[in-house]
Amino acid sequence: MKKELSTTEIADLHQTYVMPTYAPKTALVKGLGAWVWDAEGQRYLDFCSGIAVTNIGHSHPRLVKAIQEQAEQLLHVSNLFYNPVQPQLAAALATCSGLPGAKCFFCNSGAEANEGIIKLARLWGSDQGRHEIITFKQSFHGRTLATLTATGQDKVKHGFGPLPEGFVYADYNDLDSVRKLMGPQTVAVMVEALQGEGGVIPSDPEFLPALRALCDEAGILLLCDEVQAGVGRTGMWFGFQQYGVQPDAFSLAKGLGGGFPIGGIVAGERLADTFQPGHHATTFGGTPLGSAAALAVIETIQDEGLLEHTTEMGKRFMDGLAHLAMKYPVWIEGVRGLGLMNGLVLKVPAARLQEAVFEQGLLSIATAQRVLRMLPPMVVSAEEVDLALSWIDAACKEVHDEMVALVEAT
Ligand SMILES: *Cc1c(COP(=O)(O)O)cnc(C)c1O
């Protein structure tokens, strides 16, 4: 039976029995909307959203109800059988994607979705002898062997060789660097419309359209990794829609199930029927339970107008952050992001500021060393955004002298 434990007890137990792949400090035991509570009852405003996962907030009644009702009806049957929920989810995603003739494949995580999209591209290119995929520096695509190889960051690769072949890395927002890597071996370019782990870096307005044109010219695929930016986080269903571009396929996970683990691939007509029986599979893909959760997330975003709300709250938050950047120009460089995917870019490491905003009661993520990444839930209210801004301001005030000294020392 599950027991009620203190943070210290949880941490001790964790350190004894769970591999130290992460280094958490706080034990969270409850969530509601934009708020979470730790084991001692302390409340935090959650601008981490489980890393862009709990996009419709914690314990949204519609999501809870969908999971409860589906759990009582049917949890899992495998893909040896149809289930009634999976195709409804696929239809909803196909519609949201705007890709003509779109079809979906479901899996369980972002890495698995990207692993699948890599296989899909390779299979498509195999007739023409094309296999190589161009990805980008600072990108993040997951932790399986193929996806960590696709990831344009050396730190995730050390110690895991030999790595699979067939990946090369271009500079983000630099079309020439992509062109230079293209050849008869190239099958696809894989890109995040907005780099997340890499430091909340949006692509330039002209970059994605130019990339699409370049891929068309070469007769190769454009793949988008929408694992973090997808399912509404930028204020549109998918990040590429911000740029008026249609990829040949894209991957999803994180926010798709609102906290229930589900990932997927959405492919346009060029790739929709490339996978045939025997090519790719996963036992848990598109279970009735996972599909019901994801369908509830999509319907909630639709029915509550959360795309428009995300755009509005994102603007409010970014304006506030820009104001702070002007207030502390010596050590804050500026603000980046789209919708509710936001980064406060510092000139010094972000860990100290993250700690200080945590002390105020705000959860955030330090990423790419110098970026304080914030991913508020799409249901965040104007009052909560303002509260967060006031806490970040207070934290900035507190660390100001330290940060100035750091800047002067470098
Ligand atoms: C988080 C992330 C992944 C990996 O997803 P997991 O579910 O952790 O495997 C892949 N791509 C992007 C852009 C991500 O942000």
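Residues numbered from 1 in each chain as written. Predicted model: local features only at pLDDT ≥ 70, side-chain atom pairs only at ≥ 80, totals over all residues. Heavy atoms only, no water.

A. Geometry of the nonpolar core. Judged by nonpolar contacts, the single largest core of 65 residues is most densely connected at L93, F136, V178, V189, L211 and I301. The biggest single contributor to this core is helix α9 (residues 288-303), with eight residues. Inspection of this core shows a minimum of three residues originating in each of domain 1 (7-56 + 305-409) and domain 2 (62-303). The residues contacting V178, other than those within four sequence positions of it, are I134, F136, A170, V189, L211 and L214. Residues W37, I332, W391 and M403 belong to the second largest nonpolar core, which totals 36 residues. (Core = buried A, V, L, I, M, F, W, Y, C linked by side-chain atoms within 4.5 Å. Buried < 20%, exposed > 50% of the residue type's maximum accessible area, 1.4 Å probe, protein only. Helix = DSSP H or I, 4+ residues; strand = E, 2+ residues; numbered from the N terminus. Domains from an automatic or database assignment. Contact = heavy atoms within 4.5 Å.)

B. Molecular detail of the side chain of S177. Tracing the sequence through the fold places S177 in helix α7 (residues 175-181). A polar side-chain atom of S177 sits 2.7 Å from the main-chain carbonyl oxygen of D174. When neighbours within four sequence positions are excluded, S177 is seen to be in contact with A170 and D171. (Polar contact = N/O pair within 3.5 Å; in protein donor to acceptor, adjacent residues only side chain to side chain.)

C. Structural detail: the side chain of T367. Within the secondary structure, T367 sits in strand β16 (residues 365-367). A distance of 2.8 Å separates a polar side-chain atom of T367 from the backbone oxygen of E197. Beyond its immediate sequence surroundings of up to four residues, T367 is in contact with G196, E197, G199 and R373.

D. Quick look at the site of the ligand. In the vicinity of the ligand there are 13 residues, among which G110, A111, D225, Q228 and K254 approach most closely. Interatomic distance of 3.1 Å between a backbone N/O atom of F140 and a nitrogen atom of the ligand. Coverage of the ligand by the protein amounts to 82% of the 380 Å² it exposes when considered alone. Tallying contributions element by element places helix α5 (residues 110-125) first for the shell around the ligand, with three residues. Within the shell around the ligand, the residues separate by chemical class into three nonpolar, six polar and four charged. (Near = heavy atom within 4 Å. Areas by Shrake-Rupley, 256 points an atom, 1.4 Å probe, with all protein chains shown as cover. Nonpolar A, V, L, I, M, F, W, Y, C, P; charged D, E, K, R; others polar.)

E. Representation of helix α4 (residues 86-97) in the model. If you check α4, its first and last C-alpha atoms are 16 Å apart, about what 12 residues at 1.5 Å a residue would give, namely 16 Å. Within the span of α4, buried status applies to Q86, L89, A90, A92, L93, A94, C96 and S97. G98 sits one or two residues past α4 and shows a positive phi near 70°. (Expected span 1.5 Å × (residues − 1).)

F. Looking closely at the state of the cysteines. All told, the structure shown has zero disulfides when counted by the stated rule. Looking at C96, it has no disulfide partner, and the nearest cysteine sulfur is the one in C104, 9.8 Å off. Assessed through its relative accessible area of 9%, C96 is described here as buried. Of all cysteine sulfurs in the structure, the one in C104 sits closest to C107, which takes part in no disulfide; the separation is 11 Å. (Disulfide = S-S within 2.5 Å.)

G. Quick peek at the domain arrangement of the protein chain. Per the domain assignment, the segments of the protein chain are domain 1 (7-56 + 305-409) and domain 2 (62-303). Placing the centre of domain 1 and that of domain 2 at their C-alpha centroids yields a distance of 26 Å. Listed per partner, the contact involves 28 residues of domain 1 and 30 residues of domain 2. Carbon and sulfur atoms supply 63% of the area that domain 1 and domain 2 bury against each other, a total of about 2300 Å² over both sides. Joining domain 1 to domain 2, the criterion identifies 12 residue pairs in polar contact (both at pLDDT 80 or more). For the side of domain 1 that touches domain 2, the secondary-structure elements that each account for two or more residues are α2 (49-52), α10 (306-327), β13 (332-338), β14 (341-346) and β17 (371-374). For the side of domain 1 that touches domain 2, the element with the most residues is α10, which contributes four residues. Grouping the constituent residues of the side of domain 1 that touches domain 2 by class yields 15 nonpolar, 11 polar and two charged. (Buried area = accessible area lost by both parts, 1.4 Å probe.)

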